[in-house]
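Remarks on the overall topology
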Amino acid sequence: MFANVAWDEIGRATLDTLMMLGGSLGLTILFGVPLGVLLYLSGRGRLTANPVLNAMLSLIVNVLRSIPFIILLIVMLPVTVLLVGTSLGVLGAIPPLVAGAAPFYARLVETALREVDKGVVEATQAMGGTTWQIVTRALLPEAMPGLIAGATVTAIALVSYTAMAGVVGAGGLGDLAIRFGYQRFQTDVMVVTVVLLLVMVQGLQMLGDWLVGRVSHR
């Protein structure tokens, strides 16, 4: 039934996909949280309202979010080579993955912060809290369930992005599915890669739901 499946290659491809996912998700959160906080703080009626900065950040985020990921992969090839020295393999996939996912996550961070009760922010201000203290001790802790839920959604989107990255030789399950499942019409390889991607997505969703539940009940 799986005559064309080379399980050692499947194992390597799965590991490559997990490495791409882990590296890009970590950097996405690292860049997405500050960007989302800036979008929130610079918005109208916020702590440090700055319409010009907010408009500029919103434009950058909206432009990057509007570009289909497969096109972003190709457009960013020179930038990727400049940043990491190659456009191939796991390392070459991470810059476009982050560029595609960080703006998406930043919007989710902004949305989560908007849902924080204004009374919490006002109470921290009344106690003389600085903007930094308000963000780190009030906004982010209160928005943590939303931040984790947003990270889960972003991680699942990154799984599909890693599959598309196989088009430009990034490796992973997507590359295997394209080279063997599609180009060589090996349906069994395609089925195995799709099932593994579905398992990853389901695992990420279950982990995200569990973390949200733990944080929400504190």
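Just above, that's the structure.
These notes cover the structure that comes with them. (Residues numbered from 1 in each chain as written. Predicted model: local features only at pLDDT ≥ 70, side-chain atom pairs only at ≥ 80, totals over all residues. Heavy atoms only, no water.)

With respect to the overall build of the protein chain
The condition is simple: Counting from the N terminus, the helices are DSSP H or I runs at least four residues long and the strands are E runs at least two residues long. Three labels apply to residues, based on accessible area from a 1.4 Å probe with only protein chains included: buried if under 20% of the type maximum, exposed if over 50%, partly exposed otherwise in between. Residue contacts are counted whenever heavy atoms from the two residues lie within 4.5 Å of one another. Areas reported here follow the Shrake-Rupley algorithm with a probe of radius 1.4 Å; residue values treat only the protein chains shown as occluding. As used throughout, the charge tally considers Lys and Arg to be positive and Asp and Glu to be negative, leaving His and the chain termini uncounted. Note that the charge is assigned to NZ on lysines, CZ on arginines, CG on aspartates and CD on glutamates.
Helices and strands together make up the secondary structure of the protein chain, namely 10 helices and 0 strands. Counting helices and strands in the order they occur from the N terminus, the protein chain gives α-α-α-α-α-α-α-α-α-α. Dimensions of the protein chain, computed from C-alpha atoms along their principal axes, come out at roughly 70 × 40 × 25 Å. Out of the 218 residues belonging to the protein chain, those deemed buried represent 43%. Put simply, 73% of the contacts in the protein chain that link residues at least 6 apart link residues at least 24 apart. Accessible surface for the protein chain amounts to roughly 11,700 Å². Of this, 68% is attributable to carbon and sulfur atoms. Taking the 12 positively charged and 11 negatively charged side chains of the protein chain as two groups, their mean positions are separated by 8 Å.

Section: the pattern of salt bridges
The criterion, for reference: The salt bridge criterion pairs a side-chain nitrogen of Lys or Arg with a carboxyl oxygen of Asp or Glu, the two atoms within 4 Å.
With the rule as written, the count across this model stands at 3 salt bridges. Its salt-bridge partner being aspartate 8, residue arginine 12 comes within 3.9 Å of it at the nearest N-O pair. With arginine 12 and aspartate 8 both in helix H1 (residues 7–41) and 4 residues apart, this pair spans about one turn of that helix. A residue is classified by how much of its surface remains accessible, and arginine 12, at 49% relative accessible area, is partly exposed. Two residues, glutamate 110 and arginine 114, come together in a salt bridge whose shortest N-O distance is 2.8 Å. Remark: arginine 114 and glutamate 110 occur in helix H5 (residues 89–114); sequence separation between them is 4 residues, near one turn of the helix. One network of salt bridges, with partners in common, ties together Arg107, Glu110 and Arg114.

A look at helix H2 (residues 51–66)
Here is the rule we go by: Here the expected length of a helix is defined as 1.5 Å per residue gap, with one fewer gap than residues. Here, the arc refers to the directions that run from the helix axis to the C-beta atoms.
Over its 16 residues, H2 extends 22 Å from the first C-alpha to the last, a length consistent with the 22 Å expected when each residue adds 1.5 Å. Asn54, Leu57, Ser58 and Val61 are the residues of H2 that are buried. Along the axis of H2, the buried positions cluster into a sector of 100°, meaning they face one direction only. Of the exposed residues in H2, those oriented more than 90 degrees away from the buried face are Val52, Leu59 and Ser66. Looking at the buried positions of H2, the neighbouring elements they touch are H1 and H5.

Comments concerning the nonpolar core
The line we're drawing: Side-chain atoms within 4.5 Å link the members of a nonpolar core, which is a set of buried Ala, Val, Leu, Ile, Met, Phe, Trp, Tyr and Cys residues.
Counting 32 residues, the largest nonpolar core has Met20, Phe69, Ala93, Leu97, Leu158 and Leu176 as the members making the most contacts within it. The set of elements that each furnish at least two residues to this core consists of H1, helix H3 (69–75), H5, helix H8 (144–165), helix H9 (172–182) and helix H10 (187–216). Apart from the residues within four sequence positions on either side, leucine 176 is in contact with Glu9, Ile10, Ala13, Gly181, Val189 and Thr193. Among the nonpolar cores identified, the runner-up in size contains 17 residues, and Tyr105, Val109, Val135 and Leu147 belong to it.

Section: the packing of H1 against helix H7 (residues 131–142)
The condition is simple: Axis lines are fitted through C-alpha atoms, for helices just across the contact stretch, and the angle between N-to-C directions can take any value from 0 to 180 degrees. Orientation categories follow fixed angle ranges, with anything under 35 degrees roughly parallel, anything over 145 roughly antiparallel, 65 to 115 roughly perpendicular, and all other angles oblique. Ten residue types, Ala, Val, Leu, Ile, Met, Phe, Trp, Tyr, Cys and Pro, are classed as nonpolar, four, Asp, Glu, Lys and Arg, as charged, and the remainder, Gly among them, as polar.
Following both chains from N to C, one finds H1 and H7 inclined at 110°, their axes separated by 13 Å at the closest point. The pairing of H1 with H7 is recorded here as roughly perpendicular in orientation. When H1 is examined against H7, the residues Val33, Val37, Tyr40 and Leu41 are found in contact with a partner set consisting of Thr131, Val135, Leu139 and Leu140. Its residues assigned to classes, the contact of H1 with H7 comprises 7 nonpolar, 1 polar and no charged.

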